[in-house]
Amino acid sequence: METKQFKAESKRILDMMIHSIYTHHEIFLRELISNASDAIDKIYYKALTDEALTFDKDSYYIKVAADKENRTLKIIDTGIGMTKEEMENNLGTIAKSGSLAFKSENERKDGYDIIGQFGVGFYSAFMVADTVTVISKALGSNEAYKWESKGADGYTIATCDKDSVGTEIILTIKENTEDENYDEFLEEYRLKSIIKKYSDFIRYPIKMDVTSRKLKEGSENEYEDVLEEQVINSMVPIWRKNKQELTQEDYNNFYAEKRYGFDKPLKSIHISVDGAVRYNAILYIPEKIPFDYYSQEYEKGLELYSSGVLIMNKCADLLPDYFSFVKGMVDSEDLSLNISREMLQHDRQLKLIAKNINKKIKSELQSLLKNERDQYVEFYNSFGRQLKFGVYSDFGTHKEELQDLLMFYSSKEKKLVTLDEYVSRMPEEQKYIYYAVGDTNERIEKLPQIELVADKGYEILYFTDDIDEFAIKMIMSYKEKEFKSVSSGDLGIEADESGKETAAEEAENKDLFEAMKEALGDKVKAIRVSKRLKSHPVCLTADGEVSIEMEKVLNAMPNNQNVKADKVLEINVNHEVFQSLKEAFANDKEKLALYTSLLYNQALLIEGLPIEDPVEFTNNICKVMV
């Protein structure tokens, strides 16, 4: 029998397909099952224009059969089959797709769509098989043909016997090697798991002879292994069902079946779009944060299907980083695939789907915030940090999209509030949105810096996440109201008379403050009269863009660049401690240096900053006591 050569491809090209295009050997079964589904679809299309041909979906199936003894795996379909010429054209030329040609000649109707777009998938069989044999009888033909190949060396075609229309692919599975276990592709459990993983939603039944344990006939307690034919795949995916037919329990069950998480989803989103690009999607907002969410092991992305066939476990391009907590899947028949279904071209369709999904997620979160506040707060406690990272990242590119989803603890409401809610309550004379930064709400409540703003009756937002202030610096203003830290130099609420008094006090105590500054050196930028302190003697504030809290966060990072805020030590001249400073300045410069050091270290402790020399600090306290 004459061995024919592949028309345009060499051994090197076939090797590339086997070893480079597909990263997992198990993909071969997905490809062959998809081809079998295409073959059945082609009969459906023929029946649309041929009155002599009827299409009864229940009569068509795909069967997978393993023979361990002979090391063969069969994939059998009842599809349209192939003539000798079609075998030559479709199997004899690598990267020639019969499905693509057929698809271009027939419009999609009634939800049936040809999966295959490129002809490489069939050759993935050579990843696991030494020999690939194809026996096929075409619809309307009396002849059957057998195509056989051992790889790039070529193939043979000969007539053979086959009673029914359809195709039978026989793979002679390779022997095991040190690196590869090919026996797994003859194991019943493994084959079932591959089918469920990739081809669960193929619209035709995929059958297998499955071993099950049953009670032996005539016995009460004796069991035997029975081989029976079972349908492995689900066939009808949940996302193609009418939303009105589905309950929340159905969505929760799908969430559990797909192992998207061990919790229950907080919100499920079912999308069906039939416009410029057609796709279905089921998305979930989880209830709890995954244990590995902020680790390198966490991988964002949605499952991506093409006509019900899984082509990517995690398609990261479908989700922006700030919505990386969303779980779920997308199925589209309009995606452009390259020569492997594993890798997608970053094309217009995918970008359009991603854009629409992004809008939908935001819309659902806004709806949750408006209509189910308690659930949104629960979500925000888990994933609010990620939204704030989204505001900060990419130089604030996404701030307009995310700022209305942010929430912060309110000094007045004693709960999380939105920026819009804060601004709506602002008195007419209030110039800024005020915030205070600290480790906990309780610690912020005790900060000396909040006294003046609180006495004016203004609401203060509490920032307790290390990302909070960085995110707000990116937003800069909300509804034309700038953000202002209670620790910033100018709070914008001091009266003119107060300003004049402060200037006079600064001038009166200039020499004292210079002496204190000399005692502290470059630890502070300046010593000033405080306009914000009421009951506390001292506090630290910052000049410039880098706040004290930002200094703490940046210096805690692995690439510590020793960032320093321009610290200012503010003194409450109405506090009795100030009288002690004045007396020490007049009578005992050494005692002034001691008091100055104590007050500076006290201010550091209030800010949650480390004292540079704890031993010196404790010794100084002892000096004051004796």
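Up top is the structure these notes are about.
This is a predicted model, so every value here is computed, not measured.

Conventions and cut-offs
Residues numbered from 1 in each chain as written. Predicted model: local features only at pLDDT ≥ 70, side-chain atom pairs only at ≥ 80, totals over all residues. Heavy atoms only, no water. 1 Å grid on protein atoms, 1.4 Å probe; cavity = no way out; pocket = protein on both sides within 12 Å on 5 of 7 lines; lining within 4 Å. Points joined across faces, edges and corners; volume = space filled by probe spheres on them. Helix = DSSP H or I, 4+ residues; strand = E, 2+ residues; numbered from the N terminus. Nonpolar A, V, L, I, M, F, W, Y, C, P; charged D, E, K, R; others polar. Polar contact = N/O pair within 3.5 Å; in protein donor to acceptor, adjacent residues only side chain to side chain. Contact = heavy atoms within 4.5 Å. Patch = residues over 30% accessible without salt bridge, like charges linked within 9 Å, V, L, I, M, F, W, Y side chains within 5 Å. Areas by Shrake-Rupley, 256 points an atom, 1.4 Å probe, with all protein chains shown as cover. Salt bridge = Lys/Arg side-chain N within 4 Å of Asp/Glu carboxyl O. Buried < 20%, exposed > 50% of the residue type's maximum accessible area, 1.4 Å probe, protein only.

Visitor: I'd like to hear about the layout of surface pockets, residue by residue, with values.
Guide: Reported here for the largest pocket is a volume of approximately 1,200 Å³. Secondary structure elements with two or more residues in the lining of the largest pocket: α5 (188–199), α6 (248–257), β11 (302–306), β12 (309–315) and β13 (327–332). Element by element, the count of residues in the lining of the largest pocket is highest for α6, at six residues. Here the lining of the largest pocket is built from residues that sort into 17 nonpolar, seven polar and 16 charged.

Visitor: Provide a residue-level description of the side chain of T78, including the pertinent values.
Guide: Mapped onto the secondary structure, T78 falls in the loop between β2 (72–77) and α3 (84–91). Within the local environment of T78, its side chain forms a polar contact with the backbone nitrogen of Y61, the two atoms lying 3.1 Å apart. Once residues within four sequence positions are removed from consideration, T78 is found in contact with I40, I43, S59, Y60, Y61, V165 and G166.

Visitor: Tell me what's going on with a nonpolar patch on the surface, and back it up with residues and numbers.
Guide: Taken together, I289, Y294 and F389 make up a surface patch of nonpolar side chains, about 260 Å² in accessible area. Here I289 falls in the partly exposed class, since its relative accessible area comes to 35%.

Visitor: Residues and numbers for the pattern of salt bridges, please.
Guide: A full pass over the atoms with the stated rule returns 43 salt bridges. Put simply, D468 and K388 hold a salt bridge, and the shortest N to O gap is 2.7 Å. Placement of the pair is D468 in helix α13 (residues 468–475) and K388 in helix α8 (residues 373–396), with a sequence separation of 80 residues. Residue D468 is classed as buried on the basis of its relative accessible area, which comes to 2%. By relative accessible area, which is 5% here, K388 ends up buried. Notably, a salt bridge pairs R528 with D543, separated by 2.7 Å at the nearest N-O pair. Of this pair, R528 sits in strand β20 (residues 526–529) while D543 sits in strand β21 (residues 538–543), placing them 15 residues apart in sequence. According to the relative accessible area criterion, R528 is partly exposed, its value standing at 28%. Residue D543 is classed as buried on the basis of its relative accessible area, which comes to 15%.

Visitor: Give a detailed account of the environment of V437, specifying residues and quantitative values.
Guide: Among the secondary structure elements, V437 is positioned in strand β16 (residues 432–437). On the accessibility criterion, V437 (14% relative accessible area) is buried. On a C-alpha basis, the gap between V437 and Y462 in space is 6.0 Å, while along the polypeptide they are 25 residues apart. With residues near it in sequence (within four places) discarded, V437 still touches I444, L447, F463, E469 and E549.

These figures capture arrangement, not role.
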